[in-house]
Amino acid sequence: MRDRSIDDLIAYEVENTTLDFKRDLYAKGQFEALVKDVCAMANAHASGDRYIILGVKSHPDGRRDLVGLPEAAF
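Scoring rules and cut-offs
Residues numbered from 1 in each chain as written. Predicted model: local features only at pLDDT ≥ 70, side-chain atom pairs only at ≥ 80, totals over all residues. Heavy atoms only, no water. Helix = DSSP H or I, 4+ residues; strand = E, 2+ residues; numbered from the N terminus. Buried < 20%, exposed > 50% of the residue type's maximum accessible area, 1.4 Å probe, protein only. Pairing = 2+ DSSP bridges. Right-handed = clockwise from strand over helix to strand, strands pointing away. Salt bridge = Lys/Arg side-chain N within 4 Å of Asp/Glu carboxyl O.

(A) View of the environment of Gly48. Assignment of secondary structure puts Gly48 in the loop between α2 (31-42) and β2 (51-54). The partly exposed category is assigned to Gly48, whose relative accessible area is 30%.

(B) Broad picture of the pairing of β2. Here β2 shows a buried face lined by Tyr51 and Ile53 and an unburied face lined by Ile52 and Leu54. In this sheet, β2 lies alongside strand β1 (residues 19-22) in parallel orientation, the contact comprising four bridges. Bridge pairing in β2 links Asp20 to Ile52. Viewed along the sheet, the connection from β1 through α2 into β2 turns out right-handed.

(C) Structural context of the pattern of salt bridges. The tally for this structure, following the rule as stated, stands at four salt bridges. One salt bridge in this structure joins Arg23 and Asp24, with 2.8 Å as the shortest N-O distance. Overlapping salt bridges, with partners in common, bring together Asp20, Lys22 and Asp37 in one network.

All quantities given are derived from atomic positions and should not be read as evidence of function.
Put into structure tokens, the structure is as follows:
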């Protein structure tokens, strides 16, 4: 996935050990979920960059919905 834009990752890649789509932000009470996801990617037998892309809902059939993030989150 090297040298790919975020748009390309969303449009063409599937979730794997180096790419994860999350529909929502990690809430304050979900610190453990964030740490678990980051550790899983860090420990994966893969080279190169890894991405957790927020605001994208991934479906089992490969479709993706761009749901975005609330403006208040920034």
